[in-house]
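# Architecture at a glance
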Amino acid sequence: SEVADRADLILTMTTSHLARVAELGALDRAAVLTDFVADDEGGEAGVPDPIGGPEEAYSRTYEVLDDLVGRVLARLEPVLRP
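Residues numbered from 1 in each chain as written. Predicted model: local features only at pLDDT ≥ 70, side-chain atom pairs only at ≥ 80, totals over all residues. Heavy atoms only, no water.

Glancing now at the overall build of the protein chain. Per the secondary structure count, the protein chain includes 4 helices and 2 strands. Mapped from its N terminus to its C terminus, the protein chain presents α and β elements in the order α-β-α-β-α-α. In terms of overall dimensions, the protein chain has C-alpha extents of about 35 × 30 × 20 Å along its principal axes. For the protein chain, buried positions account for 28% of its 82 residues. Across the protein chain, the fraction of contacts at a sequence separation of at least 24, relative to all contacts at a separation of at least 6, is 36%. (Helix = DSSP H or I, 4+ residues; strand = E, 2+ residues; numbered from the N terminus. Buried < 20%, exposed > 50% of the residue type's maximum accessible area, 1.4 Å probe, protein only. Contact = heavy atoms within 4.5 Å.)

We now examine helix H4 (residues 55–80). With 26 residues, H4 should reach 38 Å at 1.5 Å per residue; the first-to-last C-alpha distance of 36 Å fits that figure. At alanine 74, H4 shows its maximal kink, close to 25 degrees; a proline, proline 78, follows between one and four residues later. Within H4, burial applies to Thr61, Val64, Leu68 and Val72. Those residues of H4 hidden inside the fold are in contact with strand E1 (10–12) and helix H3 (33–36). (Expected span 1.5 Å × (residues − 1). Bend = angle between axes of the 7 residues up to and from the residue.)

Another aspect to go through is the nonpolar core. Counting residues in hydrophobic clusters, the biggest one holds 9 residues: Met13, Ala31, Leu33, Phe36, Val37, Val47, Val64, Leu68 and Val72. Looking at this core, the elements that each hand over two or more residues are H3 and H4. A total of 3 residues in this core trace back to one element, the largest contributor, which is H4. Setting aside anything within four residues of it in sequence, one finds leucine 33 in contact with Leu11, Thr12, Val47, Leu65, Leu68 and Val72. Counting residues in hydrophobic clusters, the runner-up holds 8 residues, among them Ala4, Ala7, Leu18 and Val21. (Core = buried A, V, L, I, M, F, W, Y, C linked by side-chain atoms within 4.5 Å.)

Note on pairing: side chains with opposite charge can pair once their charged atoms come close. Taken as a whole and judged by the stated rule, the model has 5 salt bridges. Arginine 6 is paired through a salt bridge with glutamate 2; the nearest N and O atoms lie 3.0 Å apart. With arginine 6 and glutamate 2 both in helix H1 (residues 2–6), this residue pair falls 4 residues apart, about one helical turn. The residues arginine 6 and glutamate 2 share a single accessibility class, namely exposed. The shortest N-O distance in the salt bridge between arginine 71 and aspartate 67 comes to 3.5 Å. Residue arginine 71 and its partner aspartate 67 are both found in helix H4; the two are separated by 4 residues, about one turn of the helix. Arginine 71 gets classed as partly exposed once you look at its relative accessible area, which sits at 31%. Exposure remark for aspartate 67: the relative accessible area of 44% places this residue in the partly exposed category. (Salt bridge = Lys/Arg side-chain N within 4 Å of Asp/Glu carboxyl O.)

Set out below in structure tokens:
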């Protein structure tokens, strides 16, 4: 995909999403969000997909993604602003 070819970094919610990125030939620039920000505390691999679930599942997914995106930005800040 043209988008995958242009991307410097691709972060996915799940390992199945990562597998699709691999099919696009961009695995060398991709990771699951939770692995990218891993701090050796263990924890859940990937972000549960709320599709078809109750509203609370969507709210929880938002909270998880909000936290993870903040951690991604903190990790990237030294690279983007040396």
